[in-house]
Amino acid sequence: MNLNPVTLKKLKRFKSIKRGYYSFIIFSALVLLALLAELIVNSRALIVSHGGQLYFPTYGDVIPGQQFGLDYQYETNYRQLKARFAEEGKGDWVLLPPVPWNPYEQDFKQDSYPPYAPSLAERHFLGTDTSGRDVLARLIYGFRIAIGFAFIVLVASYVIGVSIGCMMGFLGGRFDLILQRFIEIWSQVPFLYVIMILVSLAKPNFGLFAFINVLFGWMGITWYMRTLTYKERARDYVMAARAQGATTKRIIFNHILPNTLVMIVTLAPFAVVGNISTLTALDYLGFGLAPPTPSWGELLSQGINNLDAIWIVSSVVAAVSLVLIMVSFIGEAIREAFDPRKFTRYQ
């Protein structure tokens, strides 16, 4: 892959900023971990060997217990199946994930009520919440939902905001004036009130919250792109493209946009932080995703209301803080590495 020498200098500068570079590596590993969460945190077995045949339940169909010689037709409890195979000693075996619990599964004990403290023997490494669900499982799956939400909202908001901002800066005139007034009015609409109204009218779900956040989140980048495009349109390369008969669309997206990407790259990590914080805050306030969806905000609310179960609040606070700090470090490193005052495309 042949990269521009200026781009190579920027990447080299990014790698030299150690806390941002290592944060990027760790954060990427966490995202990959979340995408493959079923292989690490799941109540379904990874592999089952029974009667000389291998089964892969994790990403397959539901396998009833009757398939393995059990006396029920609903989905197999693989933890019990593993214990039964060990007792029978017929050579059958079950390979479970390191955390053999899913984020919705409840684990209750006789003569005691959840939340239960962390236990290595029962594989509840961070204990359970007030409903008996594994905290680590809900943290990992909650992170997957939060980071998916953040990236979806980021991409959608930036596609809309960058496009409108570039057109405002390039076309100017009445088009720019009308959109400025519209954005000023729309930005004054109280976001939280809109969330409260819509949640009361419709069942809260991932798509609804993504749509609402995109509806209010595209305006921030618009002003930056408008200003940069307004400045870029006076450059010689834009005049040359016009002289050669390039269309407005081609000039904006093929010529001006590549020279303003530094702003998008710089602001994107901080937008991810904002999106994660927004979803966590809404879930904490009770206006977020419907239970029992795994959520950091819902775990945080449980932890605050049950301070005697210190493992709940400490786990979620540590996870939220770690992710937000890493993304902030990444953003700072990108901003420093892509600083246009240090690397410029103009001679």
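Just so it is clear, the model here is predicted, and its values are computed rather than measured. (Residues numbered from 1 in each chain as written. Predicted model: local features only at pLDDT ≥ 70, side-chain atom pairs only at ≥ 80, totals over all residues. Heavy atoms only, no water.)

1. Some details on the sheet that holds strand 2 (residues 53–55)
In space, the 3 strands of this open sheet follow the order 2-1-3, with antiparallel pairing throughout. What marks the edges here is a single partner per strand, and that holds for strand 2 and strand 3 (93–95). Going from strand to strand, the sheet's axes swing by 15° on average, the running direction of each strand aside. Both strand 1 (residues 47–50) and strand 3 contribute to a ladder of 3 bridges, which runs antiparallel. Looking at the pairing, Val-48 lines up with Val-94 of strand 3. (Pairing = 2+ DSSP bridges. Helix = DSSP H or I, 4+ residues; strand = E, 2+ residues; numbered from the N terminus. Axes fitted to C-alpha atoms, helices over the stretch in contact; angles between N-to-C directions.)

2. Considerations on the nonpolar core
Nonpolar side chains in soluble globular proteins tend to end up buried together. In this structure, Phe-27, Phe-143, Val-162, Ile-276 and Trp-296 are the most contacted members of the largest nonpolar core, which totals 59 residues. Other than its neighbours up to four places away in sequence, Phe-27 contacts Phe-143, Ile-147, Phe-151, Val-323, Met-326, Val-327 and Ile-330. By size, the runner-up hydrophobic cluster in this structure holds 12 residues, among which are Tyr-55, Ile-63, Leu-70 and Leu-81. (Core = buried A, V, L, I, M, F, W, Y, C linked by side-chain atoms within 4.5 Å. Buried < 20%, exposed > 50% of the residue type's maximum accessible area, 1.4 Å probe, protein only. Contact = heavy atoms within 4.5 Å.)

3. A look at the packing of helix 4 (residues 135–171) against helix 8 (residues 219–232)
Here helix 4 crosses helix 8 at 35°, and the two axes come no closer than 7 Å. Crossing geometry of helix 4 relative to helix 8 is assigned as right-handed. Within the contact between the two elements, helix 4 uses Ser-157, Tyr-158, Gly-161, Val-162, Ile-164, Gly-165, Cys-166, Met-168, Gly-169 and Phe-170 and helix 8 uses Ile-221, Thr-222, Met-225, Arg-226, Thr-229 and Tyr-230. Grouping the amino acids of the contact of helix 4 with helix 8 by side-chain chemistry returns 9 nonpolar, 6 polar and 1 charged. (Left-handed = near helix turned anticlockwise from the far one by under 90°. Nonpolar A, V, L, I, M, F, W, Y, C, P; charged D, E, K, R; others polar.)

4. Remarks on the UniProt feature "transmembrane region" (unreviewed entry) in the protein chain
Annotation from UniProt places "transmembrane region" (unreviewed entry) at residues 21–41, 145–171, 183–202, 208–225, 260–289 and 309–331. Within the segment residues 208–225, helix and strand shares are 94% and 0% respectively, and the terminal C-alpha atoms sit 27 Å apart. Structurally, residues 309–331 is divided into 96% helix and 0% strand, and its ends, taken at the C-alpha atoms, are 34 Å apart. (UniProt positions renumbered as here; feature names shortened; annotations may be inferred.)

5. Brief notes about helix 10 (residues 248–256)
Looking only at helix 10, the buried set comprises Ile-251, Ile-252 and Ile-256. Here the buried residues of helix 10 occupy an arc of 95° about the axis, which is enough to place them on one side. On the buried face of helix 10, the contacting elements are helix 4, helix 8 and helix 9 (236–243). (Arc of directions from axis to C-beta.)

6. A few points about the pattern of salt bridges
One pass over the structure, following the stated rule, counts 13 salt bridges. One salt bridge in this structure joins Glu-298 and Arg-138, with 3.3 Å as the shortest N-O distance. Placement of the pair is Glu-298 in helix 12 (residues 296–305) and Arg-138 in helix 4, with a sequence separation of 160 residues. Residue Arg-138 is classed as buried on the basis of its relative accessible area, which comes to 0%. Asp-176 is the salt-bridge partner of Arg-226, the closest N and O atoms lying 2.9 Å from each other. Here the residue Arg-226 occupies a position in helix 8, and Asp-176 occupies one in helix 5 (residues 173–186), the gap between them amounting to 50 residues. Note on accessibility: Arg-226 and Asp-176 belong to one class, buried. Among the charged side chains, a salt-bridge network with shared partners connects Asp-129, Arg-133, Arg-138 and Glu-298. (Salt bridge = Lys/Arg side-chain N within 4 Å of Asp/Glu carboxyl O.)

7. Focus: the packing of aromatic side chains
Evaluated as defined, the whole model comprises 12 aromatic pairs. Residues Phe-14 and Tyr-21 carry aromatic rings whose centres are separated by 6.3 Å and whose planes lie at 85° to one another, so their mutual orientation is edge-to-face. Owing to a relative accessible area of 24%, Tyr-21 belongs among the partly exposed residues under this scheme. The structure contains a cluster of three or more aromatic residues connected by ring pairs, namely Phe-14, Tyr-21, Tyr-22 and Phe-24. Taking NZ or CZ as reference, Arg-79 lies 3.7 Å from the ring centre of Trp-101, over its face. (Phe/Tyr/Trp six-rings, centres within 6.5 Å; stacked < 30°, edge-to-face > 60°. Lys NZ or Arg CZ within 6 Å of the ring centre and 35° of its normal.)

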